[in-house]
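Commentary on secondary and tertiary structure
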Amino acid sequence: MAAYLVLCAGVLLSLACELHAQAAGSTEEFDVKPGGLYYTYTRRLGDFSCSFSYAAQGGTNEKWHMSIGVDEESRYFSCSIWRPPGSYLFFISFKAEVSGGKIDFCEAYSQADKPLKKSEYEIKDTTVSHVPGSFSSSLSKLTITARSSHAEL
């Protein structure tokens, strides 16, 4: 039950930060390009940043979105990366990295907007990345909530 409550709190915090980010106008589009080359897109908001690195195949360039938001006390921040409906891309690899804090919660979703299996991606202090050999190559959304380094002082 306690684990469920922690998970629910993480989801709610992530959604609250995402809404704050959207209200502050900190959502941007970026191109996800196929071709198997490795690309990185980074957003900054004050002392916080979020980077999304990937290699993808299939289809053509797609406009993806990244939002980054901070709670009112700057204790938590969130980063969400998501695709438009009807994406044809599949990912060879992905890695998201935050700076300014440590990851408290992360969830990754497949093309069908179902959570990826926990065995498909690995969460460390400041990164989330695919697990080679286990990742199904299907990614549609990545949501991260991190605790600010300043909150630990």
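Named according to an unreviewed UniProt entry, the protein is Myeloid-derived growth factor originating from Engystomops pustulosus.

What about the confidence of the model for the protein?
For the protein, per-residue confidence averages 85 on the pLDDT scale, and residues scoring 70 or more make up 82% of the total. In the model, residues 1-25 has pLDDT below 50 throughout and makes 27 contacts with residues more than four positions away in sequence or in other chains.

A look at the packing of aromatic side chains
One pair of aromatic rings is described through two measures. These are the centre distance and the angle between the planes. Overall, the coordinates contain ten aromatic pairs when judged by the stated rule. Here the aromatic rings of F30 and F52 are separated by 6.3 Å at their centres, their planes lie at 70°, and the arrangement is edge-to-face. With F30 in strand β1 (residues 27-32) and F52 in strand β3 (residues 48-57), this residue pair connects regions lying 22 residues apart in the sequence. Judged by its relative accessible area of 5%, F30 is buried. Note on F52: relative accessible area 0%, which makes it buried.

Description of the side chain of S26
Checked against the element boundaries, S26 lands in the loop between α1 (2-23) and β1. Of the polar contacts made by the side chain of S26, one reaches the backbone oxygen of I68; its length is 2.6 Å.

A closer look at unusual backbone geometry
Positive phi outside glycine occurs at S74, with the angle close to 55°. Relative to the elements of secondary structure, S74 occurs in the loop between β4 (62-70) and β5 (76-82). Here the phi dihedral of S137 falls at roughly 75°; this positive angle occurs in a residue that is not glycine. Given a relative accessible area of 23%, S137 falls into the partly exposed group.

Conventions used here
- Residues numbered from 1 in each chain as written.
- Predicted model: local features only at pLDDT ≥ 70, side-chain atom pairs only at ≥ 80, totals over all residues.
- Heavy atoms only, no water.
- pLDDT = per-residue confidence, 0-100.
- Contact = heavy atoms within 4.5 Å.
- Phe/Tyr/Trp six-rings, centres within 6.5 Å; stacked < 30°, edge-to-face > 60°.
- Helix = DSSP H or I, 4+ residues; strand = E, 2+ residues; numbered from the N terminus.
- Buried < 20%, exposed > 50% of the residue type's maximum accessible area, 1.4 Å probe, protein only.
- Polar contact = N/O pair within 3.5 Å; in protein donor to acceptor, adjacent residues only side chain to side chain.

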